Amino acid sequence: MSAVSLESFTKKYKELVEIRLDELVTGLQAPEQVKEAMSYSLKAGGKRIRPVLLFATLHAFKKDPALGLEAAAALEMIHTYSLIHDDLPSMDNDDLRRGKPTNHKVYGEATAILAGDGLLTYSFEVLCGTKGASPEKIIRLISLLAKSAGPEGMVGGQAADMEGENKSLTVEELQYIHKNKTGRLLAFSVMAAAILADATESQVRSLEDYAYHIGLAFQIQDDILDIEGREDKMGKRVGSDESKFKSTYPSLLTLDGAKEKLKSHLIKGKSALASSDLDNGLLVDIADMIASRDH
Ligand code: GRG
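Presented here is a report on the structure given in the accompanying data block.

How each quantity is defined
Residues numbered from 1 in each chain as written. Predicted model: local features only at pLDDT ≥ 70, side-chain atom pairs only at ≥ 80, totals over all residues. Heavy atoms only, no water. Helix = DSSP H or I, 4+ residues; strand = E, 2+ residues; numbered from the N terminus. Rg over C-alpha atoms; globule rule 2.2 N^0.38 Å. Buried < 20%, exposed > 50% of the residue type's maximum accessible area, 1.4 Å probe, protein only. Contact = heavy atoms within 4.5 Å. Areas by Shrake-Rupley, 256 points an atom, 1.4 Å probe, with all protein chains shown as cover. Near = heavy atom within 4 Å. Polar contact = N/O pair within 3.5 Å; in protein donor to acceptor, adjacent residues only side chain to side chain. Nonpolar A, V, L, I, M, F, W, Y, C, P; charged D, E, K, R; others polar. Expected span 1.5 Å × (residues − 1). Bend = angle between axes of the 7 residues up to and from the residue. Axes fitted to C-alpha atoms, helices over the stretch in contact; angles between N-to-C directions. Parallel < 35°, antiparallel > 145°, perpendicular 65-115°, else oblique. Phe/Tyr/Trp six-rings, centres within 6.5 Å; stacked < 30°, edge-to-face > 60°. Lys NZ or Arg CZ within 6 Å of the ring centre and 35° of its normal. Salt bridge = Lys/Arg side-chain N within 4 Å of Asp/Glu carboxyl O.

## Some details on the overall build of the protein
So, point 1. For the protein, the count of helices and strands is 15 helices and two strands.
So, point 2. Computed over its C-alpha atoms, the radius of gyration of the protein comes to 18 Å, within 12% of the 19 Å expected for a compact globule of 295 residues.
So, point 3. Counting across all 295 residues of the protein, residues that qualify as buried make up 53%.
So, point 4. Pairs at least 24 residues apart make up 74% of the contacts formed inside the protein by residues separated by at least 6 positions.
So, point 5. When the accessible surface of the protein is summed, it comes to about 13400 Å², and 55% of that surface belongs to carbon and sulfur atoms.

So this is what it looks like as structure tokens:
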């Protein structure tokens, strides 16, 4: 348990990033339809785990979390674009996300594609405006975000996921998909804060290790929720992995095996922090929350 409660920290910084996201999109000189579509998905009720993780990592360095505001907004834009595109008919063809109609169901496919493209490209412009950071740091942030979201990161993970459909994958292949599709943006949350806070090499190593394990824990819990989750909490259909014959941790390891694996990543993630000299309370609480979340 940390001195600051995760609940109050999340409430405060979730609101901060939501206000900033709203200002950023409202201020755009762009056609109303695409602005509205971008805004619709940004405001559709995401948990903001990635921004909160970024702010909490800055807090662990005893830095003002608000230093990471532009990076957090940029990150949430990339995450939102990935969900809009993932839901498209040519990808997962989903009608519901967070209990609401998906972007293309409301605005049509072409506008949904453009809303995703708009969020992706605008996120880099936003990151360039990071306040209080030197040009060198901003370049490191841009490079890290591009690497994390691009073909060697999230896009690569998504491509491997699509190639793996209707095939039986090995645990290693599944791990590659999730490390990249889901893990890399979560890792960016932590490592962007490390850049902003001038982390030492040993702090970087501990945080990379922590991020790797919580990224996999996040995904394993996602697979478990697709079996055990409640549709009213999830805001989408459950059982979709099985109906699409997708390899998942429960399908490869059994449900109990997946739960064991989740527990082991949680322990490893938390122990990676134990060797760092950071104020870890919130990061430990986030790891626990990720492993036990119900949506
Ligand atoms: C289209 C390039 C491209 C990539 C898509 C992230 C992704 C890659 C697809 C999403 C598919 C999916 C359900 C992955 C499981 C993990 C995940 C990213 C869940 C959604 O993230 P949350 O739970 O979402 O943080 P909220 O709604 O809280 O923002």
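## A look at the site of the ligand
So, point 1. Near the ligand, the surroundings consist of 18 residues, among which K47, R50, H79, R98 and D222 are the closest.
So, point 2. Within the side chain of R50, an N or O atom sits 2.7 Å from an oxygen atom of the ligand.
So, point 3. For the ligand, an oxygen atom lies 2.7 Å from a polar atom in the side chain of R98.
So, point 4. Contact with the protein chains hides 92% of the accessible area of the ligand, taken as 700 Å² for the molecule alone.
So, point 5. Elements represented by at least two residues in the shell around the ligand include exactly α4 (69-87), α8 (154-163), α9 (171-196) and α10 (201-228).
So, point 6. Ranked by residue count, the leading element in the shell around the ligand is α4, at six residues.
So, point 7. When the residues that make up the shell around the ligand are grouped by side-chain class, the tally is four nonpolar, seven polar and seven charged.

## Some remarks on α9
For an α-helix the count is 3.6 residues per turn, leaving residues at separations of three or four pointing the same way.
So, point 1. An ideal rise of 1.5 Å per residue puts 38 Å on 26 residues; α9 measures up with 35 Å between its terminal C-alpha atoms.
So, point 2. Along α9, the sharpest change in direction is near 55° and occurs at G183.
So, point 3. Most of α9 is tucked away: 19 of the 26 residues are buried.
So, point 4. D198 sits one or two positions beyond α9 and adopts a positive phi of about 55°.

## Focus: the packing of α4 against α9
So, point 1. Interaxial distance between α4 and α9 falls to 11 Å at its minimum, and their mutual angle equals 175°. In terms of their interaxial angle, α4 and α9 are classed as roughly antiparallel. When α4 is examined against α9, the residues A71, L75, I78 and H79 are found in contact with a partner set consisting of L185, F188 and S189.

## Structural notes on the packing of aromatic side chains
So, point 1. Taken as a whole and assessed by the stated rule, the structure comprises three aromatic pairs.
So, point 2. Looking at R293, its charged tip hangs above the ring of F218, at a distance of 3.9 Å from the centre.

## Here's the deal with the environment of E228
So, point 1. Tracing the sequence through the fold places E228 in helix α10.
So, point 2. Through-space distance from the C-alpha of E228 to that of L144 is 35 Å; in sequence the pair is 84 residues apart.
So, point 3. The contact partners of E228, leaving out residues within four places of it in the chain, are L255 and K259.
So, point 4. A polar atom in the side chain of E228 sits 3.0 Å from the side chain of K259.

## With respect to the packing of helix α14 (residues 255-274) against helix α15 (residues 281-292)
So, point 1. Interhelical geometry of α14 versus α15 gives an angle of 170° and a closest axis separation of 10 Å. Comparing the axis directions of α14 and α15 gives the class roughly antiparallel. Mapping the contact onto sequence places L262, L266, K270 and L273 in α14 and L283, V284, A287, D288 and A291 in α15.
So, point 2. Here the contact of α14 with α15 is built from residues that sort into seven nonpolar, no polar and two charged.

## Regarding the environment of A149
So, point 1. One can find A149 in helix α7 (residues 135-149).
So, point 2. Separated by 78 residues in the primary sequence, A149 and I227 place their C-alpha atoms 28 Å from one another.
So, point 3. Excluding anything up to four places from it in sequence, A149 contacts I78, M154, V155 and L185.

## Description of the pattern of salt bridges
Pairing is possible between side chains that carry opposite charge, provided their charged atoms lie close to one another.
So, point 1. Under the counting rule described, the total for this entry stands at 18 salt bridges.
So, point 2. D86 is the partner of R97 in a salt bridge, and the nearest nitrogen-oxygen pair spans 3.6 Å. Of the two residues, R97 sits in strand β1 (residues 96-97) while D86 sits in helix α4, which places them 11 residues apart along the sequence.
So, point 3. A salt bridge links D198 to K137; the nearest nitrogen and oxygen atoms lie 3.1 Å apart. Within this pair, whereas D198 is found in the loop between α9 and α10, its partner K137 is found in helix α7, the two being separated by 61 residues in sequence.
So, point 4. Residue classification places D198 among the exposed positions, given a relative accessible area of 52%.

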